[in-house]
Amino acid sequence: MKVYALARYHDCAAAVDFLTGAFGFEVREMSKNDEGVVSHAELLVGDDVIMLGLGSPGGPGVYVAVDDADAHHDRARKAGARITMELVDQPYGSREYAAADPEGNIWFFGTYRP
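Throughout, a residue's number is its position along its own chain's written sequence, starting from 1. Where local features are concerned, this predicted model is filtered to residues with pLDDT of at least 70; where side-chain atom pairs are given and counted, the filter is 80 or more; whole-chain, interface and lining totals use all residues. Processing note: side-chain calculations cover all non-hydrogen atoms of the structure and skip hydrogens and water entirely.

Engineer: Hey, could you run me through the sheet that holds strand 8 (residues 106-110) in this one?
Structural biologist: A strand pair is defined by DSSP finding two or more bridges across the two strands. By definition, any uninterrupted DSSP run of H or I lasting at least four residues is a helix, any uninterrupted run of E lasting at least two residues is a strand, and each is numbered from the N terminus. Spatially, the four strands line up as an open sheet ordered 5-8-7-6, and their pairing is mixed. Both outer strands of the open sheet, strand 5 (62-65) and strand 6 (82-89), are each paired with one neighbouring strand and no more. Strand-to-strand, the axes of this sheet are offset by a mean angle of 15°, without reference to chain direction. Here strand 7 (residues 95-100) pairs with strand 8 via five bridges, running antiparallel. Residue Tyr97 lies in a different strand from strand 8, and its bridge partner there is Phe109. Sitting on the sheet, helix 2 (residues 69-78) touches strand 6, strand 7 and strand 8, and the angle it makes with strand 6 is about 165°. Note on geometry: axes are C-alpha line fits, over the in-contact stretch for helices, and angles between N-to-C directions span 0 to 180 degrees. Throughout, a contact is declared for two residues whenever any of their heavy atoms are within 4.5 Å.

Laid out in structure tokens, this is it:
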């Protein structure tokens, strides 16, 4: 079995634009429904895939391991991400922060790799 993170959005196309610009994700695939609206997208984070779909934002958060949390944080802030947890050194050895995307999903980024 394999687990994939999934986040729901009212506007998947806008989410893809934000997530690629602010967090450095890369588009793997985007699918449109019969009305021409992006209804599904797959974004690459290194070798991993995060799926986006139409729906109400919220639910479990997503944690993404990054090499340089400080640089990633600065890029996200510059791109307009709302930082919900400033950079912090955790007792388990991770340096991390959290940010909300424009639809309110919370994304966690840090150096910890389970």
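Engineer: Whenever I open this one, the pairing of strand 5 confuses me. Can you help?
Structural biologist: Residues in a regular strand project their side chains so that they alternate between the two faces of the sheet. Accessibility here uses a 1.4 Å probe with only protein chains present; expressed as a share of the type maximum, an area under 20% marks a residue as buried, one over 50% as exposed, and anything in between as partly exposed. Burial of strand 5 is one-sided: the residues Val62 and Val64 facing one way are buried, the residues Tyr63 and Ala65 facing the other way are not. Here four bridges tie strand 5 to strand 8, and the two strands are oriented parallel to one another. Counted as the bridge partner of Val64 is Phe109 from strand 8.

Engineer: What is the right way to look at helix 1 (residues 12-23) in this model?
Structural biologist: In an α-helix, one turn spans 3.6 residues, which is why side chains three or four residues apart end up on the same side. Taking 1.5 Å of rise per residue, the 12 residues of helix 1 would be expected to cover 16 Å, and the 15 Å separating its terminal C-alpha atoms lies within 8% of that figure. Every buried residue belonging to helix 1 is among Cys12, Ala15, Val16, Phe18, Leu19, Ala22 and Phe23, and all of these are buried. Contacts described as polar in this section are N or O atom pairs within 3.5 Å, which, within protein, must combine one atom able to donate a hydrogen with one able to accept it, while residues neighboring in sequence count only if both atoms come from side chains. Between a side-chain oxygen at the N-terminus of helix 1 and the backbone nitrogen of Ala13 the separation is 3.3 Å; the capping residue is Asp11. Given the number of residues in a helix, its expected span is that number minus one, multiplied by 1.5 Å.

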